[in-house]
Amino acid sequence: MQSVLASASLATQGFADVQTLHGFVPLSLYFLTVAESGERKSTCDGIAAKAVRDFEEPLVRAHQKDLKAWRQDEAENRKSRKKRKLADWDSVVENDSASEDEMPEEPVSPSILMSDVTLQGVLSLFERGNPSIGLFSDEGGQFFGGYSMKAENKTHAATSLSKLWDGQGFSRVRSGSDPLTLYGRRASSHFMLQPVIAQNILSDRMFKSQGLWSRFLFAWPESRIGQRILESGRALDERAMSALSCFNTRIHQLLETPCPTHADDPLQLVPRPLPLSQGAHDILLAFYNQVELAQQDGQAFAQIRGFASKAAEQAARIAGVLTVFENTNAREVSAGTMSNATVLMDWYLLEAARLLDTGPVSQELRDAQALLEWLQTRWSEANISVRAVANRGPNRFRTPDRARVLIDVLERHNWLARLPGGAQVMGQHANEAWEISLS
DNA sequence: ATATAAAACTGTTGCGAGCC
DNA sequence: GGCTCGCAACAGTTTTATAT
């Protein structure tokens, strides 16, 4: 779901800026999905991003060849210039700048997807590369946590991402050279995080205060681990397959179509404005008002004002993506599309409320998972009792109540099997005991 | 980047309450 | 008394946060 929208956003962001209640904004969408490793998130993302990858791969290979040729050309040019310099010293001054211009431009890097994302990487790609890219990463932690994201680095990254989302210029500050601002760049992103990392990152003061999170659309699906039994006929049914292949071809089409760019600088996108139809505008306005009301103290979204106040804009972006995805040359956003977008946005609002507000309800589930892991790795006996957990388990579970609740959860999910009549635990007989499933 | 202080975690032990 | 169980305490270790 997230992956699909992310890919669509990536493919469409170069074409248009959509109208919102306050002017025009890019179609870029930022997604953040939280899933336990082993949740098949990479597989899932792989399917939706496959179209993009397929498209990208041959281009990248061709580009590498081009680049090689270009480097050779350049070397030769230098040589010839040198020769000329020696031959005619006087005319060098005039000629030099001219010959500079004649030099073939370095080929534009066609890379679209960045998975090993660092801010530096994004910058350099933007500097001489595709102006519309996607930051898709399985391990978003690498970006947010890795690369010694400390203090200034962090601030810089956060503000850069925020500005990029807003469609403002992307500036790079590099020691030893003048600050450089790149305009007309677009990026969509989809990061996936593991719950543990997500907790830290989501509560990070820095990112919070920068308003970075209010620009992301979150999803934290309930864990399916323990419920994903493979059925024999598990292959995606035909309808899903055909939908997927439609999606893929459309993504291909969009990527192949050149985006409108600035006359002087082919790397600078000039997305055309995509206005809202009257109906769409009305719907968006209604949505905005509704969300605004819900931000009052005590209402549902009071705790996530930052996110909620961007909801209308996000909805407009989604609607824009859907519109362009449907028809590259669409004139305006239809009312129907907008109402679909607001439905999606409603969902994201709820999700954000769940995640950013008070911790998710599934805290219990994750605790249970933690306990299970502890049991499997650090507990030497085959059986377990409430008392054993309360007495020797991880510190935070060392109360019988807590231990009991978690054990119940695990039993419900068949990770523990109750042993009738009890069993030996910790050298003692326990009336209530469970056997630990190893798989 | 490193050192230091603070907090969290672990593996034990022991005691008393309630029950048969 | 013999058996479970809840609870508290403790010392040693590991992890985390913070300042330099």
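Residues numbered from 1 in each chain as written. Chains lettered and ligands numbered in written order. Predicted model: local features only at pLDDT ≥ 70, side-chain atom pairs only at ≥ 80, totals over all residues. Heavy atoms only, no water.

**Some words on the protein's contact with DNA strand C**
The criterion, for reference: Throughout, the term near means that a residue has one or more heavy atoms lying within 4 Å of the molecule or strand in question. Distance and chemistry together define a polar contact, namely a pair of N or O atoms within 3.5 Å, with one atom able to donate a hydrogen and the other to accept it when in protein, and with adjacent residues in sequence counting only for side-chain atoms on both sides. A run of H or I in DSSP counts as a helix once it spans at least four residues, and a run of E counts as a strand once it spans at least two, with each numbered from the N terminus.
The environment of DNA strand C is formed by Arg387, Asn391, Pro400, His429, Ala430 and Asn431. Here a base nitrogen of DNA strand C sits 2.9 Å away from a polar atom, N or O, in the side chain of Asn391. At a separation of 3.3 Å, a phosphate oxygen of DNA strand C approaches a polar side-chain atom of His429. Elements supplying a minimum of two residues to the surface near DNA strand C: α15 (386-392) and β14 (428-430).

**Notes on the protein's contact with DNA strand B**
Our working definition: Ten residues, namely Ala, Val, Leu, Ile, Met, Phe, Trp, Tyr, Cys and Pro, are considered nonpolar, four, namely Asp, Glu, Lys and Arg, are considered charged, and the remaining ones, Gly among them, are considered polar.
In the vicinity of DNA strand B, the contacting residues are Arg387, Asn391, Arg392, Gly393, Pro394, Asn395 and Arg398. Of everything in DNA strand B that lies within 4 Å of the protein, sugar and phosphate atoms constitute 28%. Tallied by class, residues from the surface near DNA strand B come to one nonpolar, three polar and three charged.

**Topic: the pairing of strand β1 (residues 16-20)**
Side-chain positions along a regular strand alternate between the two faces of the sheet. Selection rule: Buried means the residue's accessible area, taken with a 1.4 Å probe over protein chains only, is under 20% of the maximum for its type, while exposed means over 50%, and partly exposed covers the values in between. Only when DSSP finds a minimum of two bridges between them are two strands counted as paired.
Here β1 lies mainly inside the structure; four of its five residues are buried. Pairing geometry for β1 and strand β10 (residues 272-274), over three bridges, is parallel. The residue of β10 that forms the bridge with Asp17 is Pro273. Strand direction decides the pairing type here: β1 and strand β2 (residues 23-26), joined by four bridges, are antiparallel. Within β2, the position partnered with Val18 by the bridge is Val25. Connecting the antiparallel pair β1 and β2 is a turn made up of two residues.

**What about the sheet that holds strand β11 (residues 383-384)?**
Hydrogen bonds along the backbone pair up the strands of a sheet, which may run parallel or antiparallel. The criterion, for reference: Contacts between residues were defined by any pair of non-hydrogen atoms, one from each residue, lying within 4.5 Å. Between the N-to-C directions of two axes lies an angle of 0 to 180 degrees, each axis being a line fitted to C-alpha atoms and, for a helix, fitted only over the stretch in contact.
An order of β11-β15-β12 is seen for the three strands of this open sheet, with the pairing classed as antiparallel. Either end of the sheet is taken by a strand with one partner, and the two such strands are β11 and β12 (416-419). Contacting β12 and β15 (433-436), helix α16 (residues 400-412) crosses the sheet at an angle of about 105° to β12.

**Details of the pairing of β15**
As defined by bridge partners, β11 adjoins β15 across two bridges and the pair is classed as antiparallel. When the bridges of β15 are listed, Asn383 appears paired with Glu435. With four bridges joining them, β12 and β15 adopt antiparallel strand pairing. Residue pairing across strands places Leu419 opposite Ala433, the latter belonging to β15.

**Things to note about the nonpolar core**
Basically, it comes down to this: The nonpolar core is taken to be a set of buried Ala, Val, Leu, Ile, Met, Phe, Trp, Tyr and Cys residues, with the residues joined through side-chain atoms within 4.5 Å. Just so you know, the domain bounds were taken from an automatic or database domain assignment.
The biggest cluster of nonpolar side chains holds 76 residues, and the ones touching the most others in it are Phe307, Met345 and Leu349. Broken down by element, this core gets its largest block of residues, nine residues, from helix α12 (residues 311-326). Among the domains, domain 1 (1-274) and domain 2 (281-361) are the pair contributing at least three residues each to this core. Non-local contacts of Leu349, meaning those with residues more than four positions away in its chain, are made with Phe287, Val291, Phe301, Ile304, Phe307, Ala308 and Ala311. The next biggest cluster of nonpolar side chains, apart from the first, holds 26 residues, and it includes Leu375, Val409, Leu419 and Val425.

Nothing here speaks to function; it is all geometry.
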